[in-house]
Amino acid sequence: MISTLYKPFQHWSEGGSIFILSDTHFADADCKLMDPDWIKPEEQIEIINNVVGKGDTFVCLGDVGKPKYVPMIRARRKILLLGNHDARGAYKGLFSEIYAGPLFISDRILLSHEPVYGLPWCLNIHGHDHNGMEAYSEGCKHINLAANVCGYTPVNLGKLIKDGILSDIESIHRMTIDRAAQKKKDAIEIDKTSNA
């Protein structure tokens, strides 16, 4: 179990791993416009099922594509964050949980469909952008898991964490404490200067 996840999301890792992927666009006619080498839905399902086991949780960060392919993913639990191409009711009954917007699953991990900027205290795992995999942008660390960007292969969240992906991200709690300590230090210095 990934104990660093907020309590409502810890069950995702009970009895298996959490795998994340975005923008599968199963049988979406626009795929070839985004990437001329886009693979067929059946090939994507095979890649996903070669990585994700029956006891695992599969998290899709949006833009699923045709609903008929979702039952072919063999994960025990399937989670969806709706993307800009997803109709709200199209996947009802196909996913264990469906979320309409960005989701903080721990104090330093934000899942979203589109990249979120300006949060230097978290890792933003997202899709939507069909270029580039990992970057820092406006102080926020990003991992882009759009299917075509990561070889259509879901990424293991627990492995990312164990490999230290969060090690260079200072938590918002630490930043808040440091900011308060600096304000106090500055006030003392101002007071010393005024009394001199």
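Let me sum up the structure you'll find in this document. From a predicted model like this one, the values you see are computed outputs, not experimental measurements.

## A word on the environment of Val64
Part 1 of the reasoning: With respect to the secondary-structure elements, Val64 resides in the loop between strand S2 (57-60) and strand S3 (77-81).
Part 2 of the reasoning: Once the C-alpha coordinates of Val64 and Phe26 are considered, the two residues, 38 residues apart in sequence, prove to be 6.2 Å apart.
Part 3 of the reasoning: Residues in contact with Val64, not counting those within four places in the same chain, are Thr24, His25, Phe26, Val70, Leu80, Asp86, Tyr91 and Phe95.

## Thoughts on the pairing of strand S7 (residues 123-126)
Part 1 of the reasoning: What you see with S7 is no split at all: Leu123 and Ile125 on one side and Asn124 and His126 on the other are buried throughout.
Part 2 of the reasoning: The pairing of strand S6 (residues 109-111) with S7 spans 3 bridges and is parallel. Note on S7: the bridge partner recorded for Leu110 is Asn124.
Part 3 of the reasoning: In this sheet, strand S9 (residues 140-144) lies alongside S7 in parallel orientation, the contact comprising 4 bridges. Each residue of the ladder has a partner; that of Ile125, found in S9, is Ile143.

## Comments concerning the environment of Ile161
Part 1 of the reasoning: Along the chain, the position of Ile161 falls in helix H4 (residues 157-162).
Part 2 of the reasoning: Here Ile161 falls in the partly exposed class, since its relative accessible area comes to 22%.
Part 3 of the reasoning: Measuring from C-alpha to C-alpha, the distance between Ile161 and Ile2 comes to 9.1 Å, with 159 residues separating the pair along the chain.
Part 4 of the reasoning: With sequence-adjacent residues up to four places away left out, Ile161 is seen in contact with Ile2, Thr4, Ile109 and Leu166.

## Quick look at the nonpolar core
Part 1 of the reasoning: In terms of nonpolar packing, the biggest core is built from 47 residues, with Trp12, Ile20, Ile105, Leu111, Ile125 and Leu157 touching the most fellow members.
Part 2 of the reasoning: At the level of secondary structure, the elements contributing two or more residues to this core comprise strand S1 (18-21), helix H3 (41-51), S2, S3, strand S5 (103-106), S6, S7 and H4.
Part 3 of the reasoning: Tallying contributions element by element places S1 first for this core, with 4 residues.
Part 4 of the reasoning: In this structure Leu111 touches Trp12, Ile20, Val59, Leu61, Leu81, Pro102, Leu103, Ile105, Asn124 and Ile125, once residues within four positions along its chain are discounted.
Part 5 of the reasoning: Judged by nonpolar contacts, the second largest core, of 5 residues, contains Leu110, Leu119, Trp121 and Cys122.

The rules behind the values
Residues numbered from 1 in each chain as written. Predicted model: local features only at pLDDT ≥ 70, side-chain atom pairs only at ≥ 80, totals over all residues. Heavy atoms only, no water. Helix = DSSP H or I, 4+ residues; strand = E, 2+ residues; numbered from the N terminus. Contact = heavy atoms within 4.5 Å. Buried < 20%, exposed > 50% of the residue type's maximum accessible area, 1.4 Å probe, protein only. Pairing = 2+ DSSP bridges. Core = buried A, V, L, I, M, F, W, Y, C linked by side-chain atoms within 4.5 Å.

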